[in-house]
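Coordinate inspection notes
Spelled out from the first residue to the last, the chains are:
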Amino acid sequence: MAYNLVYSWCLVLAVVVGGAAAGEYSAPAGFQPTPWQQAFATFYGDESASETMSGACGYGNLFNTGYGTDTAALSTTLFQNGYACGQCFQLRCVNSKWCNKGSPITTITATNLCPPNWSQDSNNGGWCNPPRSHFDMAKPAFMKIAQWTAGIVPVTYRRVGCNKKGGIRFKFEGNGYWVLVYVMNVGGGGDVANMWVKGSKTNWISMSHNWGASYQAFATLGGQPLSFKITSYTSHQVLIANYVTPANWQPGMTYTANVNFQ
């Protein structure tokens, strides 16, 4: 399909970065793992993870966009109205007979929302009801930390930096007068707080948060190479990627920068 095609274009960068992370986790420079916290985890779908595709973050087919099966849907408390899309977490099963031997740690990326279920008690089926912190994991990811027959297990979790290969990817929808961009493969904090677009004939134009990991601008941008400026939601780092697209960019295409957050 067209959106699977990745087009790389020349660009330059301006990145503001923080200090290197410390501790046993080899995090990207500028991102410090958070303290361990308590939560619970369940899973959805089967071993193929087909039910985890096209989640609330808008990443589409997670195999094609590089996220695979190490993913999870977050409860409302963690999802933060979509600003948590792309964040990376380490989880381990604790204090349960269903934990895998040695309580191994696995790393997942937030790609979906686990919505509240107010028809069920928060401690008996309504696992994602606020204010609960909950991870509804892809089944292959869940099986890395616990036996799937458990259904639900207590976990500890922490935010970690996202180690990504290559640059940030921008999947385009819209037309010459309205552009909707899904931001993927974000390193560092993994998330996006604010975004701007600039055509060769315009100044920087602020984009509004649409939903999940998508941002939109109502502007005449057809026939112009486009640049983007992004602020990380977590670290507040700023990254500028110039000329991410050619002048003849098209909806349905994915364009890859050669810069990323660290």
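With an unreviewed UniProt entry as reference, the protein chain is termed Expansin, source organism Salvia splendens. UniProt, in its Sequence similarities (unreviewed entry) section for the protein chain, records the words "Belongs to the expansin family. Expansin A subfamily." Per UniProt, the protein chain carries the Function (unreviewed entry) text "Causes loosening and extension of plant cell walls by disrupting non-covalent bonding between cellulose microfibrils and matrix glucans. No enzymatic activity has been found."

Our next topic: the pattern of salt bridges. Evaluation of the coordinates by the stated rule reveals 3 salt bridges. Ionic pairing is found between Lys139 and Glu47, a salt bridge with its closest N-O pair at 3.3 Å. A residue pair is termed long-range when its members are at least 10 positions apart, and Lys139 in helix H2 (residues 139–142) and Glu47 in the loop between strand E3 (37–44) and strand E4 (71–75) qualify at 92 residues. A salt bridge links Lys144 to Asp70; its shortest N-O distance comes to 2.8 Å. On the criterion of sequence distance, the pair formed by Lys144 in the loop between H2 and strand E8 (153–160) and Asp70 in the loop between E3 and E4 is long-range, its members being 74 residues apart. According to the relative accessible area criterion, Lys144 is partly exposed, its value standing at 40%. Note on Asp70: relative accessible area 24%, which makes it partly exposed.

We now examine the state of the cysteines. Here the structure, examined in full by the defined rule, presents 4 disulfides. Each sulfur in the disulfide pair Cys57 and Cys85 lies 2.0 Å from the other. With the S-S bond torsion at -90°, the cross-link from Cys57 to Cys85 turns out left-handed. Taken together, the positions of Cys57 in the loop between E3 and E4 and Cys85 in the loop between helix H1 (76–79) and strand E5 (88–93) put the pair 28 residues apart, joining distant regions of the chain. Cys57 gets classed as buried once you look at its relative accessible area, which sits at 0%. With a relative accessible area of 4%, Cys85 lands in the buried category. Paired through a disulfide, Cys93 and Cys99 show a sulfur-sulfur distance of 2.0 Å.

This part takes up the sheet that holds strand E7 (residues 134–138). One closed barrel accounts for 6 strands, arranged E3-E7-E4-E6-E5-E8; its pairing is mixed. When the angles between neighbouring strand axes are averaged without regard to direction, this sheet yields 45°.

So, on to the packing of aromatic side chains. Tallying each qualifying case throughout the model produces 12 aromatic pairs. With a centroid separation of 4.6 Å and an interplanar angle of 10°, the aromatic rings of Phe170 and Phe228 are classed as stacked. On the criterion of sequence distance, the pair formed by Phe170 in strand E9 (residues 169–174) and Phe228 in strand E14 (residues 226–231) is long-range, its members being 58 residues apart. A residue is classified by how much of its surface remains accessible, and Phe170, at 0% relative accessible area, is buried. Take Phe228: its relative accessible area is 1%, and that puts it in the buried class. Ring geometry for Phe172 and Phe228: centres 6.0 Å apart, planes at 70°, overall edge-to-face.

Among all residues except glycine, the phi angle is most often negative; among peptide bonds, the trans geometry is most common. Omega for the peptide link from Pro130 to Pro131 comes to 5°, which places this bond in the cis form. By the element assignment, Pro131 lies in the loop between strand E6 (105–114) and E7. Phi is positive for Gln80, close to 55°, though the residue is something other than glycine. Tracing the backbone shows Gln80 in the loop between H1 and E5.

On the secondary structure map, Gly188 appears in the loop between strand E10 (178–184) and strand E11 (194–199). A relative accessible area of 0% means that Gly188 is categorised as buried.

Moving on, we come to the environment of Ser133. With respect to the helices and strands, the residue Ser133 is situated in the loop between E6 and E7. Placed 96 residues apart in sequence, Ser133 and Gln37 show a C-alpha to C-alpha distance of 9.4 Å.

Reading the values: the criteria
- Residues numbered from 1 in each chain as written.
- Predicted model: local features only at pLDDT ≥ 70, side-chain atom pairs only at ≥ 80, totals over all residues.
- Heavy atoms only, no water.
- UniProt positions renumbered as here; feature names shortened; annotations may be inferred.
- Salt bridge = Lys/Arg side-chain N within 4 Å of Asp/Glu carboxyl O.
- Helix = DSSP H or I, 4+ residues; strand = E, 2+ residues; numbered from the N terminus.
- Buried < 20%, exposed > 50% of the residue type's maximum accessible area, 1.4 Å probe, protein only.
- Disulfide = S-S within 2.5 Å.
- Pairing = 2+ DSSP bridges.
- Axes fitted to C-alpha atoms, helices over the stretch in contact; angles between N-to-C directions.
- Phe/Tyr/Trp six-rings, centres within 6.5 Å; stacked < 30°, edge-to-face > 60°.

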